[in-house]
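# Remarks on the overall topology
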Amino acid sequence: MIKNSEVIHKLIERYDYGGAYDLLLDESLEDTDPGHIINSCRYAVNFDFDRAVKHLNKLSEEMRKHKTIEKTYRHLLGLIRGEPEAIFSELMENVKIQIVGEEYIDFLGRVYRFKEAIYKFMFLRTVNSGKKIYFVNDMVLKRNILRVLKKQYKIYNNSTIYGISDFIQRYQKQNEPLVKVDRILSTNKMNELIELRHSSIIGHGFKGVSEEDIYRIYGNPYHVLDDYEDCLEILKLKIDKYKYARLNELISRLLIENGLGNSTNE
């Protein structure tokens, strides 16, 4: 029989924090430091950052001072404020989590939101020169961006992505970073991937999505992350790609200390 300890470690490796937390409940370890961290991650991966912070606040005083927890706490506060680098870092991790979990419909949903967020960032940074951008402000709402495109730039398009792409091609031809990013995000394979999303249950249809579909269109799904990382580098945004890897390492060590070692430690 597979022991709970082995299963918990496997679930954490796959970023299934909800499943891992349920097993911790069975072991009466939900109120331990690893339990609070797992519970925080459970909410963070679902973009409930307020609750994620709430559960980190339940950690022991010693654990709250751990460098990984301090960094995670700062990151969560950045997410709550809607800071671009925090948002893009979390999106990068979230797309990876969907790949690992083989949740390809959700993967396509994150890919679409990621692409849209990059376009919104490029547009707002260009037209609001000098102003800080926060993704929780009304300025990032689709209706507000489309209104600016229409009134100030005579661009009439109901799509945020295509509207901003048109803006770049018409008004930012000399802005090399924007042109480069627009080119990466407008390839045939990227557009076909987005169309696959539109045809799925999270878009406008009921078409299923398989790993084979992703490979046929784009190749290895991790190549999508590579392209997004290139875009963010061009835009000079610093991304943290290892938040959950660090947390998983810490969780695993704490579980072992609490008597839940994996198969190699028993």
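Everything in this summary refers to the structure shown in the same document. Note on numbering: residues in each chain are counted from 1, in written sequence order. This being a predicted model, a pLDDT of at least 70 is required before a residue's local features are given, and a value of 80 or more before pairs of side-chain atoms are given or counted; all residues contribute to the totals for chains, interfaces and linings. Side-chain metrics in this entry use all non-hydrogen atoms of the structure; hydrogen atoms and water are not considered.

Attention shifts here to a nonpolar patch on the surface. Taken together, the side chains of Ile201, Ile202 and Phe206 make up a nonpolar region of the molecular surface, amounting to roughly 340 Å² of accessible area. Put simply, DSSP H or I for four residues or longer makes a helix, DSSP E for two residues or longer makes a strand, and each gets a number counted from the N terminus. Mapping isoleucine 201 onto the fold places it in the loop between α12 (188-198) and α13 (211-218). Residues enter patches when their relative accessible area tops 30% and they take part in no salt bridge; the joining distance is 9 Å for like charges and 5 Å for the nonpolar side chains Val, Leu, Ile, Met, Phe, Trp and Tyr. The Shrake-Rupley method, run with a 1.4 Å probe sphere, supplies the accessible areas, and residue values consider only the shown protein chains as cover. Here, a salt bridge means any Lys or Arg side-chain nitrogen found within 4 Å of an Asp or Glu carboxyl oxygen.

Think of it this way: side chains of opposite charge can pair up when their charged atoms draw near. Applying the stated criterion across every chain, the model contains 13 salt bridges. A salt bridge links glutamate 229 to lysine 241; its shortest N-O distance comes to 3.0 Å. Taken together, the positions of glutamate 229 in helix α14 (residues 222-234) and lysine 241 in the loop between α14 and α15 (243-257) put the pair twelve residues apart, joining distant regions of the chain. Taken together, the shared-partner salt bridges connect Glu192, Asp213 and Arg216 into one network.

What follows deals with the packing of helix α8 (residues 104-127) against α12. Following both chains from N to C, one finds α8 and α12 inclined at 125 degrees, their axes separated by 9 Å at the closest point. In this view, α8 runs oblique relative to α12, as classed from their interaxial angle. Here α8 runs over α12; the crossing is left-handed. Together, Leu108, Gly109, Val111, Tyr112, Arg113 and Lys115 of α8 and Met190, Asn191, Leu193, Ile194, Leu196, Arg197 and His198 of α12 make up the contact between the two elements. Orientation is described by lines fitted to C-alpha atoms, with helices fitted over the stretch in contact, and by angles between N-to-C directions that extend from 0 to 180 degrees. By definition in this entry, angles of less than 35 degrees are roughly parallel, angles greater than 145 are roughly antiparallel, angles of 65 to 115 are roughly perpendicular, and the rest are oblique. For any helix crossing, the convention is left-handed if the near helix is rotated counterclockwise from the far helix by under a right angle, and right-handed if that rotation is clockwise. Contacts are residue-level and defined by heavy atoms, with any inter-residue pair within 4.5 Å sufficient.

This part takes up the packing of aromatic side chains. In summary, the pairing rule links any two rings of Phe, Tyr or Trp, Trp by its six-membered ring, whose centres are within 6.5 Å, and it sorts them by plane angle into stacked for under 30 degrees, edge-to-face for over 60 and tilted for everything else. On inspection of all chains with the given rule, the structure shows 13 aromatic pairs. A ring pair is formed by phenylalanine 123 and tyrosine 153, whose centres lie 6.4 Å apart and whose planes are at 75 degrees; its orientation type is edge-to-face. Of this pair, phenylalanine 123 sits in helix α8 while tyrosine 153 sits in helix α9 (residues 142-153), and the two are 30 residues apart along the sequence. Overall, the relative accessible area of 1% leaves phenylalanine 123 in the buried class. Following the ring pairs from residue to residue traces out a cluster consisting of Phe88, Phe114, Phe121, Phe135 and Tyr228. Note on criteria: charge over ring means Lys NZ or Arg CZ within 6 Å of the ring centre, with the direction from the centre no more than 35 degrees off the ring normal. If you follow lysine 189 out to its NZ or CZ, it ends over the ring of tyrosine 218, 4.5 Å from the centre. A cation sits over an aromatic face here: arginine 197 above tyrosine 112, 4.2 Å from the ring centre. Partly exposed describes any residue whose relative accessible area lies between the buried limit of under 20% and the exposed limit of over 50%, with all areas from a 1.4 Å probe on protein chains only and scaled to the type maximum.

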